[in-house]
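Per-entry structural report
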Amino acid sequence: MTRSFRESLLLIVGVIAAMVLSLAPFLWFVSIGFKPQVEITAIPPRLFPSDVSFTAVHEAIFTFGLMHFIKNSVIVAGCTTIVCVVVGCLAAYPLARLRIPYRRVILLGILAVAMFPQISIAGPVWRILRALGWLNTYQGLIIPYLALTLPLTVWILANFFGQLPSELEEAALVDGAGLFQVLTRVIMPLAAPGVFTAALLTFIYSWNEFFFALLIMTERDRQTLPVGIALFPGEYTMPWGEISAASTIATIPLILLVLFFQKRIIAGLTAGAVKG
Amino acid sequence: MDEESKTDEKRSGPAAGVSRNVRVAVSGVSKYFGGTAALSGIDLEVREGEFCVLLGPSGCGKSTLLRVIAGLESPSEGRVFINGSDVTHTPPGDRNVAMVFQNYAIYPHMTVFDNIAFPLKLRKIPKKELENKVREAARLLQLEDFLQRKPSQLSGGQRQRVAMGRAIVRDPTVFLFDEPLSNLDARLRVSMRIEIARLHRNLNATTVYVTHDQVEAMTLADRIVVLENGTVQQSESPRELYDHPANIMVARFIGSPPMNLVQGTIKCGDGGAGGHFQSESLNITLPDCAYEGRAIMGIRPEHITVDPAGFLRGTVEFVEDTGSDRYAHVAAGREIFVVRVPAGTEISPGISTALTFDPEKLHIFPAD
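The structure presented is a predicted model; accordingly, all values stated were derived computationally and were not measured.

1. Let's talk about the packing of helix α3 (residues 112-122) of chain B against helix α5 (residues 156-168) of chain B
Residue and element names in this part refer to chain B. Taken N-terminus to C-terminus, the directions of α3 and α5 make an angle of 30°; their axes are 7 Å apart at the nearest point. Compared by their axis directions, α3 and α5 come out roughly parallel. Note that α3 runs across α5; the crossing there is right-handed. Residues Val 112, Asn 115, Ile 116 and Pro 119 of α3 touch α5, and the partners they reach there are Val 162, Gly 165 and Arg 166. In the contact of α3 with α5, the residues fall into four nonpolar, two polar and one charged.

Right, here's the structure in full:
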């Protein structure tokens, strides 16, 4: 066997392993979501439903109010992402460019904040929010999310900004752009892959986050998707079909977002700017 | 023009003394990075329409000086004047200077048109006028067919032309070039050099041009400012610089192959008429004697002739043939002289010969 053949075989095995590990549970609950009621608990279980049923989807939406949770999640995740990217860009640009003493230490400090276990800040966060009267409000969830996602966003953006040739900014400055215009018209378009990566990570985090959402949103009115779906089970019922259908629907926006932004998250956008 | 000179007079503050056609003036500029001085006490004036080249080895401070003029670095000491007004603390965008960078620095996410139009868009120039100006610049630089392309679809020379288009479209007070040709291959460099010369002649633009390439400097410049260790060594026309280098650094730096240099001592003759240069292997009579003591004598390769009857006996070590010229390396005593010989001359390594030169062509530099 040639070396390259062995290597590519290893790669293929790796890819398949990764796909099976991460996709199998997903496919399983997709399948459950569209199974007729009787097949969900059938033994032995069937991977492919004998008939595609939309009962669970219908139930999830109309009985369990799935759309209501989706609305809350869109508001929370959307606001978190927008504010996070805007603030992140404004913070990352000086950190990437200005001659600040201990720049590296500051960046590492910011990253260290992102490493805090959530549970360690849960108590103080809850007390602060209660004192502000922000429990069960959107900002009550958005602000903790910002605190948790900003460090990584700043880190990613500062690294992306730092890789751009500084001549481009200098050219823009000489051309008559102010610092803010340099950021919005030159730096951000060029760092678009970084900006979109950071935005996507932030969105996915706030879309999926469960612990703080459960802690802060105790009223059904404000609950986000993960909490909402987790509270589907009643005292005597375990609506597996509805949970699976809702989870599938909850995943669709994320998949669409990734597919949409995938085009933007390409390397080599700066090709042609400067002599490489 | 009238308008401009009026504003000049109005603004005439600290620079009131300088004549009106000085476009860029740098006065007593020093720049320190940490503890080291990149520039110390630089004075420089660039007149209207002048092509001024800042020349020096890498690390001499020439790029820093250009960046100080552009406003990308602020000087630690001293002031910068553009068009007579003090711009020391003015941001780069408000100085009406245009800059072309070594690695092009054109915006990769914009088309050629948008790249050239960028400075005009920032100035909110009306659309119609903007389009005319961009097309005019593109015509001058033969970029008309590429206006809708992205930089990644252009060759190196075309990218550099886009960068130049972005500069000329603004009609700036002064053009700043930071080693614009050093990323191009040798052939393209020559043609772009000619293009820059032509552009300068057509636009009569005041230009400050940084390079480490003496051929670029000699061919383009009205005036060359030689820098080393952050200080001006000499500021003269290319011819003057070549014929009368002010010091040993300039003598070494200008000319290819460089000037032959010999260390020795000068003793003036009795009565002050003439003198002698004495080194370990040389003894040369000088026509006049302006300096006495330890000295370095310089003579250019083209001013030495191979002449069997010459006064300096030596052996040919090897011969370099550059096509148009041949250079013989001749060992005489403990010195090696590089001599330009006419293409037809029979000369080969190993032969004994003699050299001669006209003492009038000698350069004498005091040695410390």
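2. Regarding the confidence of the model for chain A
Averaged over all residues, the pLDDT of chain A is 87; the fraction at 70 or higher stands at 95%. Of the regions scoring below 50 in pLDDT, residues 268-272 of chain A engages in 14 contacts with residues more than four places distant in sequence or in other chains.

3. Description of the state of the cysteines
What the rule picks out here adds up to one disulfide over all chains. Here Cys 268 of chain B engages in a disulfide with Cys 289 of chain B; their sulfurs sit 1.7 Å apart. In this structure the cystine formed by Cys 268 of chain B and Cys 289 of chain B twists about its S-S bond by roughly -80°; its chirality is therefore left-handed. Of this pair, Cys 268 of chain B sits in strand β11 (residues 260-268) while Cys 289 of chain B sits in the loop between β13 (283-286) and β14 (293-299), and the two are 21 residues apart along the sequence. With no disulfide of its own, Cys 84 of chain A lies closest to Cys 89 of chain A among cysteine sulfurs, the gap being 9.5 Å.

4. Quick word on helix α9 (residues 179-190) of chain A
Residues and elements named next belong to chain A. Taking 1.5 Å of rise per residue, the 12 residues of α9 would be expected to cover 16 Å, and the 15 Å separating its terminal C-alpha atoms lies within 8% of that figure. Taken residue by residue, α9 has Val 182, Leu 183, Val 186, Ile 187 and Leu 190 as its buried positions. Here the buried residues of α9 occupy an arc of 130° about the axis, which is enough to place them on one side.

5. Some thoughts on the sheet that holds strand β19 (residues 352-357) of chain B
Residues and elements named next belong to chain B. Ordered by their spatial adjacency, five strands build an open sheet running β15-β19-β16-β17-β18, and the pairing between neighbours is antiparallel. Each of the sheet's edge strands pairs with one partner strand only, and the pair in question is β15 (304-306) and β18 (335-341). Averaged over all neighbouring strand pairs, the angle between strand axes comes to 45°, with direction disregarded. As defined by bridge partners, strand β17 (residues 326-332) adjoins β18 across seven bridges and the pair is classed as antiparallel. For Tyr 327, the partnering residue across the bridge sits in β18 and is Arg 340.

6. With respect to the sheet that holds strand β9 (residues 223-228) of chain B
All names here are of chain B. One open sheet accounts for six strands, arranged β6-β7-β8-β3-β9-β10; its pairing is mixed. Here the strands that pair on one side only, and so sit at the sheet edges, are β6 (97-100) and β10 (231-236). Taken pair by pair, the neighbouring strands of this sheet meet at an average axis angle of 20°, ignoring direction. Where strand β3 (residues 51-55) lies against β9, four bridges are found, and the strand directions are parallel. The partner of Leu 54 across the bridge, within β9, is Val 225. Set on the sheet, α5 makes contact with β6 and β7 (174-178); between it and β6 the angle comes to about 175°.

7. Considering a nonpolar patch on the surface
Residues and elements named next belong to chain A. The grouping of Ile 82, Val 83, Val 86, Val 87, Leu 90 and Phe 180 at the surface amounts to a nonpolar patch, some 550 Å² of accessible area in total. Among the elements that make up the nonpolar patch, the one with the highest residue count is helix α4 (residues 66-97) (five residues). Inspection of the secondary structure assignment puts Leu 90 in helix α4. Given the relative accessible area of 46%, Leu 90 is considered partly exposed.

8. Some thoughts on the packing of aromatic side chains
For the structure on display, the rule yields 12 aromatic pairs over all chains. Measuring from ring centre to ring centre gives 5.4 Å for Phe 203 of chain A and Trp 207 of chain A, while their planes differ by 20°; the resulting arrangement is stacked. Taken as a pair, Phe 203 of chain A and Trp 207 of chain A lie in helix α10 (residues 192-208) at a separation of four residues, close to a single helical turn. Each member of the pair, Phe 203 of chain A as well as Trp 207 of chain A, carries the same accessibility label: buried. Seen in terms of ring centroids, Phe 311 of chain B and Phe 357 of chain B are 5.3 Å apart; in terms of plane orientation they differ by 70°. Their pairing is edge-to-face.

9. A word on the pattern of salt bridges
Overall, the coordinates contain 19 salt bridges over all chains when judged by the stated rule. For Arg 97 of chain A, the salt bridge identified is with Glu 169 of chain A, shortest N-O distance 2.4 Å. Highlighted residues: Arg 97 of chain A in helix α4 and Glu 169 of chain A in helix α8 (residues 166-175), separated in sequence by 72 residues. The exposure class assigned to Arg 97 of chain A is partly exposed, which follows from its relative accessible area of 22%. A network of salt bridges, in which partner residues are shared, links Glu 170 of chain A together with Lys 31, Arg 67 and Glu 73 of chain B.

10. Considerations on unusual backbone geometry
All names here are of chain B. With an omega dihedral of -5°, the bond running from Ser 256 to Pro 257 counts as a cis peptide bond. Within the secondary structure, Pro 257 is located in the loop between α9 (248-253) and β11. Phi at Asn 96 takes a positive value of approximately 55°, unusual for a residue other than glycine. Looking at the secondary structure, you find Asn 96 in the loop between β5 (85-86) and β6. In this model, Asn 204 sits at a positive phi of 50°, which is unusual for a non-glycine residue. Mapped onto the elements, Asn 204 comes out in the loop between α6 (186-203) and β8 (207-211). Residue class for Asn 204 comes out partly exposed when judged on its relative accessible area of 48%.

Basis of the calculations
Residues numbered from 1 in each chain as written. Chains lettered and ligands numbered in written order. Predicted model: local features only at pLDDT ≥ 70, side-chain atom pairs only at ≥ 80, totals over all residues. Heavy atoms only, no water. Axes fitted to C-alpha atoms, helices over the stretch in contact; angles between N-to-C directions. Helix = DSSP H or I, 4+ residues; strand = E, 2+ residues; numbered from the N terminus. Parallel < 35°, antiparallel > 145°, perpendicular 65-115°, else oblique. Left-handed = near helix turned anticlockwise from the far one by under 90°. Contact = heavy atoms within 4.5 Å. Nonpolar A, V, L, I, M, F, W, Y, C, P; charged D, E, K, R; others polar. pLDDT = per-residue confidence, 0-100. Disulfide = S-S within 2.5 Å. Expected span 1.5 Å × (residues − 1). Buried < 20%, exposed > 50% of the residue type's maximum accessible area, 1.4 Å probe, protein only. Arc of directions from axis to C-beta. Pairing = 2+ DSSP bridges. Patch = residues over 30% accessible without salt bridge, like charges linked within 9 Å, V, L, I, M, F, W, Y side chains within 5 Å. Areas by Shrake-Rupley, 256 points an atom, 1.4 Å probe, with all protein chains shown as cover. Salt bridge = Lys/Arg side-chain N within 4 Å of Asp/Glu carboxyl O. Phe/Tyr/Trp six-rings, centres within 6.5 Å; stacked < 30°, edge-to-face > 60°.

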